[in-house]
Amino acid sequence: MSALELVSKNRCFHGEVRKYTHQSTSTQSKMTFNIFLPDAAVNSTEKVPVLYYLSGLTCNEDNMITKGGALKYLSEHKIALVAPDTSPRGCGVPGEEDDWELGTGAGFYVDATQEPWAKHYRMYTYVHSELQALVGEMFSVDAKRTSVFGHSMGGHGALVLALRNPGHYRSVSAFAPICHPSTSNWGRKQFAAYLGANEEDWRKYDATELVKEYEGEELPVLIDQGGDDPFYKSKQLQPSHFVIATESSRRNVRLENRVQPGYDHSYWFVQSFMESHIEFHAKHLVQ
Ligand SMILES: N[C@@H](CCC(=O)N[C@@H](CS)C(=O)NCC(=O)O)C(=O)O
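Residues numbered from 1 in each chain as written. Predicted model: local features only at pLDDT ≥ 70, side-chain atom pairs only at ≥ 80, totals over all residues. Heavy atoms only, no water.

Student: Help me understand the environment of Met274 in this model?
Tutor: Within the secondary structure layout, Met274 lies in helix α11 (residues 274-285). Distance in space between the C-alpha atoms of Met274 and Tyr73 is 8.5 Å, their sequence separation being 201 residues. Filtering out sequence-adjacent residues up to four positions away, Met274 remains in contact with Met64, Gly68, Gly69, Ala70, Phe149 and Phe175. (Helix = DSSP H or I, 4+ residues; strand = E, 2+ residues; numbered from the N terminus. Contact = heavy atoms within 4.5 Å.)

Student: Is there a simple way to explain the pattern of salt bridges in this structure?
Tutor: Two side chains carrying opposite charge are able to pair once their charged atoms lie near each other. With the rule as written, the count across this model stands at 21 salt bridges. Note that Arg251 and Glu215 form a salt bridge whose closest N and O atoms lie 3.7 Å from each other. Of this pair, Arg251 sits in the loop between α9 (239-249) and β9 (253-260) while Glu215 sits in the loop between α7 (207-212) and β8 (219-226), and the two are 36 residues apart along the sequence. In this structure Glu215 comes out as exposed when scored by relative accessible area, which is 61%. Each of Arg203, Glu209, Lys212 and Glu213 takes part in one network of salt bridges that share partners. (Salt bridge = Lys/Arg side-chain N within 4 Å of Asp/Glu carboxyl O. Buried < 20%, exposed > 50% of the residue type's maximum accessible area, 1.4 Å probe, protein only.)

Student: Looking at this structure, how should I read the packing of aromatic side chains?
Tutor: What describes a pair of aromatic rings is the distance from one ring centre to the other and the angle between the planes of the rings. For the coordinates displayed, the defined rule picks out 17 aromatic pairs. Measuring from ring centre to ring centre gives 5.0 Å for Tyr53 and Phe149, while their planes differ by 85°; the resulting arrangement is edge-to-face. Here Tyr53 is found in strand β4 (residues 48-54), whereas its partner Phe149 is found in strand β6 (residues 141-151), with 96 residues between them in sequence. Here the two residues Tyr53 and Phe149 agree in accessibility, since each one is buried. An angle of 50° between the planes, with centres 6.2 Å apart, marks the rings of Tyr263 and Phe269 as tilted. Taking the relative accessible area as the measure of exposure, Tyr263 reaches 31% and is therefore partly exposed. Linked through ring pairs, Tyr53, Phe149, Phe175, Tyr263, Phe269 and Phe273 together constitute an aromatic cluster. If you follow Arg164 out to its NZ or CZ, it ends over the ring of Tyr124, 4.1 Å from the centre. Stacked on the ring of Tyr205, the Lys or Arg Arg164 has its end atom at 4.9 Å from the ring centre. (Phe/Tyr/Trp six-rings, centres within 6.5 Å; stacked < 30°, edge-to-face > 60°. Lys NZ or Arg CZ within 6 Å of the ring centre and 35° of its normal.)

Next up, the structure:
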C-alpha cells in the first residue's frame, strides 16, 4: 500500500478538507485526491460512511470541493467525501496534453488497453479498487457504507462503477451524466482511443448497455439533468437512452430521473442540486 503525503489541511464545517498525493500502482504515477472528514472521522471516534465523487472533463480533484457546495451537508450527515483527480498527469504519454477531451483531465474512468494509454490510464481500477482500499485502511470510514456520484464524464464513471459492482455501492447519483457513451461523441472518441475499435469491448463502460443486464441487489439511482445544458442539447449525454433501457429491461434498478429547466452544465447547476443528492445518499448510507 502506497504512503500518503499530506499536501494541505483546512478546517471546514466541523471537519477537515485534506489533500493528499500518493504513488499509485494502478496508474504508475503520482495521484492526488481531496478528502473531507467530519470530526467523528478526524478524531476516529466513529467509522463514518463514505461517498466518492467523480468529476468531469477538464476537472481535477478541486472543482467539486471548491464549487460543489457539498461540505455543509456532508458534515450534517457525518459522511466522508473522496474526490479524486480525473486522470493521471504528466506521465509523458504522447499527445496527453493535446486535446481537452482525451488524456489529461479526461481519463473516462476506464482501464485503457490500447497504446499509448494502457500503462497509465487505468482510472477504473484506480478509483474502484486502489483508492477505496487505501481510504479504508488510512481513514476512519466504514467501507461497507460506500456510495458514488459524479458529474458529466464523472456521472458516467459513477453509473458504470455501481452497475458493474452490485452490492458494493449502496446508491449512485449523477449530475448531467454521459449516459450512452458508445453512441455519443463524448464516449466514442475516448473509447476508440483507450479501448480500441472493437465496440464489444466498450459495453462494460457504457451505463445504458450495462443497465440492460444488471443483476443484483436493488440499486437506487438519481439523475439530474439541466434543461438548458448545451451538451444535453447536442446529444452528448442522452439520459433518455438510460431511462428507456432501465424501464424496458425491468432490472433491479430504482431510477429517479429529473430534468431541471433553465440549468446549464456548470457547477452553478451542480451546486444547486447538491443538497438533494447528499440527502439521497444519506438515506442509504446513514443507518
Ligand atoms: N472546456 C469545455 C467545457 C468542459 C466542461 O464543461 N467541463 C465540465 C465537466 S464536463 C466542468 O466541470 N468543467 C470545470 C468547471 O466548471 O469547474 C468547453 O470549453 O466547452
